[in-house]
Amino acid sequence: MTSVKVILDKNNEGVEHICNGRYTEAKKAFKMTLVYLTLFHERLRAREQQQFLEQQQCPDEEVKSCETTSLDFPIIIETRPIPDSTDPTSLSHTLYMYRNVLFAHMDPTAKLQVLMTERNSACITALVTFNLSVVFHYKSDLDDYDSVSNQLKVLRFYKKAWEALRIDASVTLEHHSYRDIVVLGILNNMGALFHELSKYKKAWYCFKSLKNVLSSDSESVKAVPPEIRDGMLMNVLFFEERYENMQALSWS
């Protein structure tokens, strides 16, 4: 089975590329990480079928040796900023954009070759999909390519990241700090994209949800750097000032 370290290394390769402005290499690395994860899920299903068959023949006194060992969550997430890719005249400067990707590594107290499980693969799928979303957003700004079709493409990637996060939450019920980071980034950037597309009602839903998350007591939310928190709160205030009391606004 593919180890956690192998997959994290490929993700981190993508992080290093995008932090140094190498878009094409970053995209390839993140996509390859998702390929690794797809292969893992295929192998996991095959292994579960094999284990089920073996357990049917497992004597009672040997059941313990047939069970898999539960491991503490062994992954540590760090944020890495990417270069400001926007032109001052870009629409992306209307609102604050979250421009960080997620670097992930093994907890030094954990074994370096912990095998992938459904639990930690769901986490990695969510963070890699988010990284790929930010990369496509970065490319959009880098090329000053603000066409509707391109913005919708970027939105689709953020929605995939959100779905991956939802699956992660259903697999691992206990809360982990990386979820707050991904949620904040997705809600903020999707809200900004919806605003650029003049879909103000969807933008406002994103920013209202963002405000709720920023108001939470989560330690990881409280640890968000002031410049990021301030930028996101400015987006929220921008919408509150312009739209909340405008009953006659025709939402789209």
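Treat the numbers as computed from the prediction; the structure is a model and nothing was measured. (Residues numbered from 1 in each chain as written. Predicted model: local features only at pLDDT ≥ 70, side-chain atom pairs only at ≥ 80, totals over all residues. Heavy atoms only, no water.)

Caption draft 1: Spatial organisation of the packing of helix H5 (residues 148-171) against helix H6 (residues 177-196). Taken N-terminus to C-terminus, the directions of H5 and H6 make an angle of 155 degrees; their axes are 10 Å apart at the nearest point. Of the possible angle classes, the one that applies to H5 and H6 is roughly antiparallel. Seen along the crossing, H5 lies across H6 with a hand that is left-handed. Contact with H5, carried on its side by Gln151, Val154, Leu155, Tyr158, Lys159, Ala161, Trp162, Leu165, Asp168 and Ala169, involves Tyr178, Arg179, Val182, Val183, Ile186, Leu187, Asn189, Met190, Leu193, Phe194 and Glu196 of H6 and no other residues of that element. Residue composition of the contact of H5 with H6, by class: 15 nonpolar, two polar and four charged. (Axes fitted to C-alpha atoms, helices over the stretch in contact; angles between N-to-C directions. Helix = DSSP H or I, 4+ residues; strand = E, 2+ residues; numbered from the N terminus. Parallel < 35°, antiparallel > 145°, perpendicular 65-115°, else oblique. Left-handed = near helix turned anticlockwise from the far one by under 90°. Contact = heavy atoms within 4.5 Å. Nonpolar A, V, L, I, M, F, W, Y, C, P; charged D, E, K, R; others polar.)

Caption draft 2: Structural view of the pattern of salt bridges. Summed over all chains, the structure comprises seven salt bridges. Notably, a salt bridge pairs Glu78 with Arg80, separated by 3.2 Å at the nearest N-O pair. Taking relative accessible area as the criterion, Glu78 reaches 31% and is therefore assigned partly exposed. Glu163 is the partner of Arg166 in a salt bridge, and the nearest nitrogen-oxygen pair spans 2.6 Å. A residue pair is termed a helical-turn pair when its members lie 3 or 4 positions apart in one helix, as Arg166 and Glu163 do in helix H5 at three residues. Taken together, the shared-partner salt bridges in this structure form one network comprising Glu16, Glu78 and Arg80. (Salt bridge = Lys/Arg side-chain N within 4 Å of Asp/Glu carboxyl O. Buried < 20%, exposed > 50% of the residue type's maximum accessible area, 1.4 Å probe, protein only.)

Caption draft 3: Structural detail: unusual backbone geometry. Positive phi is not limited to glycine here, since Ser198 has a value of about 65 degrees. Relative to the assigned elements, Ser198 resides in the loop between H6 and helix H7 (200-214). For Ser198, a relative accessible area of 35% puts it in the partly exposed group.

Caption draft 4: Seen up close, the side chain of Glu240. Tracing the backbone shows Glu240 in helix H9 (residues 226-244). Of the polar contacts made by the side chain of Glu240, one reaches the side chain of Lys211; its length is 2.6 Å. (Polar contact = N/O pair within 3.5 Å; in protein donor to acceptor, adjacent residues only side chain to side chain.)

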